[in-house]
Amino acid sequence: MNEITIIAPDDWHLHFRDGDLLKETVPATARCFKRAIVMPNLVPPVINASMAEEYKQRILQVLPVNSSFEPLMTIYLTNQTTSQDIIQAKQSGVTAAKLYPAGATTNSDAAVSQLDALYPVFETMSEQEMPLLIHGEVTEQHIDIFDREKIFIDQKLSKIVENFPQLKIVFEHITTKEAADFVLQASDRVAATITPQHLMLNRNDLLVGGIRPHNFCLPVLKRNIHQEALRQAVIAGTNKFFLGTDSAPHEKHKKESSCGCAGCYSAWSAIELYAQVFEELNALDKLEAFASTNGPDFYQLPRNKSTITLIKQDWIIPSDIKLPNGEFIVPFFAGETVKWQLKNK
Ligand code: NCD
Ligand code: ZN
Ligand code: ZN
């Protein structure tokens, strides 16, 4: 197959950041995605309806002319979040709320330390039909970083799912077989996003032949049996998995550092890389469900009306991108060949 046309996709998990960086990140995503769930881990975090609305306006301001892209806003749960915050957020059109265990990832210091204390908030979210999006890793120092997702499932996620049978939960950027299995056996109210990097890479790609800081993201890449489990999950024919790039830019010098930041900036190549993975799996016919229909169906939003076309044509991802402030970002898969290309209309 040399060409594939699918319903226009959405990105159900990404980081636009803020300020001048929006001029880079928003057009990059809007070139092919119609909507995106915008993560709230700014500094300071987006914790309520008014901050989400202001952030949304800043995003809309940098949209290319004629773009119909729609940012779907989220709020960041903290120890101080109240049920009233959720009700207000829902009323003002916020799509979901995000749970970061404190210290789990980039800009999560303000996040939740005691999950049980948030149970009244989860109850309100369940009543308000507001999905809970979760970065699923425990953060205890003594727990091995490669086990943090699995232990989160056992200790935290299974309890939340059990206690709130009506609450919609998206287990974000899953990285393990255990996570895929957990989502598969759970009710229809539990789904997961999967990134391009976790489908394409495993932990060898972080460490063999030298440290590769641009492949470092959280949850960290796992061993190849987990990568294989995720690859099988996206083509299994279930509607529980959908596209979430977790595109998460950090300036080059912050990644190529003695203490490098976590996050891969994949917006310029994500849909093409997903297509490449599905083709490798002989399952291009499953791409549309993953990229364009499972997500809106889960969020109970309409499927997009327009389509995109991808053509089979090699291109090379640039080695860096210059930002408005003069700094550089190294995109995910920089300098590598991608086999699919978005056809511009
Ligand atoms: C994300 C970021 O940089 O904001 N980083 C990452 O490695 N995935 C945060 C997140 O999604 O956990
Ligand atoms: Zn995360
Ligand atoms: Zn993320």
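It should be noted that the structure appears before, not after, this text.
Each chain carries its own residue numbering, running from 1 in the written order of its sequence. All chains are assigned letters beginning at A, and all ligands numbers beginning at 1, according to the order in which they are written. Per-residue local features of the predicted model are confined to residues with pLDDT of at least 70, and side-chain atom pairs are confined, for both listing and counting, to 80 or more; whole-chain, interface and lining totals are unaffected and use all residues. Computation of side-chain values: all heavy atoms of the structure, hydrogens and water removed.

Draft legend 1. Quick look at the nonpolar core. Residues L77, L99, F122, M125, L132, I160 and L287 are the most contacted members of the largest nonpolar core, which totals 94 residues. The element contributing the most residues to this core is helix α11 (residues 270-280), with seven residues. In what follows, a contact means two residues having at least one pair of non-hydrogen atoms within 4.5 Å. The residues contacting M125, other than those within four sequence positions of it, are L77, I86, A97, M130, P131, L132 and L167. W12, Y76, Y100 and A111 belong to the second largest nonpolar core, which has 14 residues in total. Side-chain atoms within 4.5 Å link the members of a nonpolar core, which is a set of buried Ala, Val, Leu, Ile, Met, Phe, Trp, Tyr and Cys residues. Working definition: with a 1.4 Å probe on protein chains only, accessible area under 20% of the residue-type maximum means buried, over 50% means exposed, and in between means partly exposed. Numbering of helices and strands runs from the N terminus, with a helix taken as a DSSP run of H or I at least four residues long and a strand as a DSSP run of E at least two residues long.

Draft legend 2. Structural view of unusual backbone geometry. P44 follows V43 through a cis peptide bond whose omega is -5 degrees. Its place among the elements puts P44 in the loop between β3 (35-38) and α2 (49-61). L218 connects to P219 through a cis peptide bond whose omega is -10 degrees. Within the element layout of this structure, P219 appears in the loop between α8 (204-207) and α9 (224-234). Even without being a glycine, D246 presents a positive backbone phi close to 55 degrees. With respect to the helices and strands, the residue D246 is situated in the loop between β9 (241-243) and α10 (252-255). Take D246: its relative accessible area is 5%, and that puts it in the buried class.

Draft legend 3. Main features of the coordination of the zinc ion (ligand 2). Distances define the donors: N, O and S atoms within 2.8 Å of the metal qualify, as do those within 3.2 Å of Na, K or Ca. Water is excluded, so some sites may look unfinished. Binding of the zinc ion (ligand 2) to the protein goes through H135 (ND1) and H173 (NE2), at separations of 2.0 to 2.1 Å. Note on geometry labels: four donors, all angles 85 to 135 degrees, give tetrahedral; four donors become square planar and six octahedral when opposite donors are over 155 degrees apart and every other angle is between 65 and 115; remaining cases are irregular. Coordination at the zinc ion (ligand 2) is irregular: its four donor atoms span angles of 54 to 149 degrees at the metal. A distance of 3.9 Å spans the gap from the zinc ion (ligand 2) to the zinc ion (ligand 3). Here H135, found in the loop between β6 (132-134) and α5 (148-163), pairs with H173, found in the loop between β7 (169-171) and α6 (177-185); they are 38 residues apart in sequence, far enough to count as distant.

Draft legend 4. Here's a closer look at the site of ligand 1. Neighbouring residues of ligand 1: 15 residues in total, closest R17, N41, T105, L218 and D246. Here an oxygen atom of ligand 1 sits 2.8 Å away from a polar atom, N or O, in the side chain of N41. Considering ligand 1 on its own, with 310 Å² of exposed area, one finds that the protein chains cover 100% of that surface. More than half of the atoms belonging to ligand 1 lie within 2 Å of the grid points that define the largest cavity. Amino acids outside the nonpolar list (Ala, Val, Leu, Ile, Met, Phe, Trp, Tyr, Cys, Pro) and the charged list (Asp, Glu, Lys, Arg) are all regarded as polar, and Gly is one of them. When its residues are assigned to classes, the shell around ligand 1 shows four nonpolar, nine polar and two charged. A cutoff of 4 Å decides nearness: a residue is near a molecule or strand if any of its heavy atoms lies inside that distance of it. Two N or O atoms count as a polar contact when they lie within 3.5 Å, although within protein this holds only if one can serve as hydrogen donor and the other as acceptor, and sequence-adjacent residues are included solely when both atoms are side-chain atoms. Residue-level accessible areas treat just the shown protein chains as cover; the underlying method is Shrake-Rupley with a 1.4 Å probe. Definitions used for this entry: grid spacing 1 Å over protein atoms alone; cavity, a set of points where a 1.4 Å probe fits but cannot get out; pocket, an open set with protein on both sides within 12 Å along at least 5 of 7 lines; lining residue, one with an atom within 4 Å of a point. Put plainly, a molecule is in a cavity or pocket when over half of its atoms are within 2 Å of the grid points there.

Draft legend 5. Spotlight on the side chain of H214. By the secondary structure assignment, H214 is in the loop between α8 and α9. One polar contact links H214 to E256, side chain to side chain, over a distance of 2.7 Å. Among all residues touching H214, those that are not within four sequence positions of it are K255, E256, C264, V330 and F332.

Draft legend 6. Broad picture of empty space enclosed by the protein. Grid points are joined across faces, edges and corners, and a volume is the space filled by probe spheres set on the points. Per the counting criterion, the structure on display carries one cavity of 30 Å³ or more. H15, T105, T106, L218 and D246 are, among the 16 residues lining the largest cavity, the residues nearest its centre. In terms of residue class, the lining of the largest cavity is built from five nonpolar, eight polar and three charged.

Draft legend 7. Region of interest: the pattern of salt bridges. Salt bridges are identified by distance alone: a Lys or Arg side-chain nitrogen within 4 Å of an Asp or Glu carboxyl oxygen. All told, the structure shown has 12 salt bridges when counted by the stated rule. The closest approach of N and O atoms between R58 and D18, which form a salt bridge, is 2.8 Å. Of this pair, R58 sits in helix α2 while D18 is found in the loop between β2 (11-14) and α1 (22-30), placing the two residues 40 residues apart along the sequence. As a salt-bridge pair, R31 and E272 come within 2.8 Å of each other at their nearest N and O atoms. Within this pair, whereas R31 is found in the loop between α1 and β3, its partner E272 is found in helix α11, the two being separated by 241 residues in sequence. Judged by its relative accessible area of 2%, E272 falls in the buried class.

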